[in-house]
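Per-entry structural report
One letter stands for each residue in the lines below.
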Amino acid sequence: MKNSDTIRFERQGEQRADMIQGDIIFVIQQTTHAVFKRVDNNLFMTMDITLEEALLGFTKTVKHLDGHDVLVKS
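Residues numbered from 1 in each chain as written. Predicted model: local features only at pLDDT ≥ 70, side-chain atom pairs only at ≥ 80, totals over all residues. Heavy atoms only, no water.

1. A few points about a nonpolar patch on the surface
Nonpolar side chains collect at one region of the surface, where F9, I24 and F26 lie side by side and expose about 270 Å² of accessible area between them. Looking at the element boundaries, F9 is found in strand β1 (residues 6-9). (Patch = residues over 30% accessible without salt bridge, like charges linked within 9 Å, V, L, I, M, F, W, Y side chains within 5 Å. Areas by Shrake-Rupley, 256 points an atom, 1.4 Å probe, with all protein chains shown as cover. Salt bridge = Lys/Arg side-chain N within 4 Å of Asp/Glu carboxyl O. Helix = DSSP H or I, 4+ residues; strand = E, 2+ residues; numbered from the N terminus.)

2. Digging into the side chain of E53
Note on placement: E53 falls in helix α1 (residues 51-56). Among the polar contacts listed, one links the side chain of E53 to the backbone nitrogen of T50, at a separation of 2.8 Å. With residues near it in sequence (within four places) discarded, E53 still touches F58 and K60. (Polar contact = N/O pair within 3.5 Å; in protein donor to acceptor, adjacent residues only side chain to side chain. Contact = heavy atoms within 4.5 Å.)

3. Some words on the pattern of salt bridges
Opposite charge on two side chains lets them pair, provided their charged atoms get close. Scanning the entire structure with this criterion turns up four salt bridges. Note that R8 is salt-bridged to D23, the shortest N-O span being 3.0 Å. Note that R8 is positioned in strand β1 and D23 in the loop between β1 and β2 (24-27), a separation of 15 residues in sequence. With relative accessibility at 46%, the residue R8 sits in the partly exposed group. With its nearest N and O atoms 3.2 Å apart, the salt bridge here joins E14 to R16. By the burial criterion, E14 is exposed, and R16 matches it. (Buried < 20%, exposed > 50% of the residue type's maximum accessible area, 1.4 Å probe, protein only.)

This is how it looks when you write it as structure tokens:
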């Protein structure tokens with residue numbers, strides 16, 4: 001979701017006698033991340049590689065936002 005997007009749960013607010021339940025609304029506040037940058041619906045990161053890796057190829061592991069490892073090969 002993007003910054004300022006909302007999630008609405010209709011009529012899920014506090015219950016009181018003789019009152020209609022209100023909505024619960026969450027507003028997304030996007031913050032910066034140390035590794036990843038969001039551009040539209042894509043995540044970008046910068047990875048430093050050596051000249052040897054650039055010429056001969058490499059395999060590196062990156063820890064994703066949810067904690068799983070992503071294998072990057074070139």
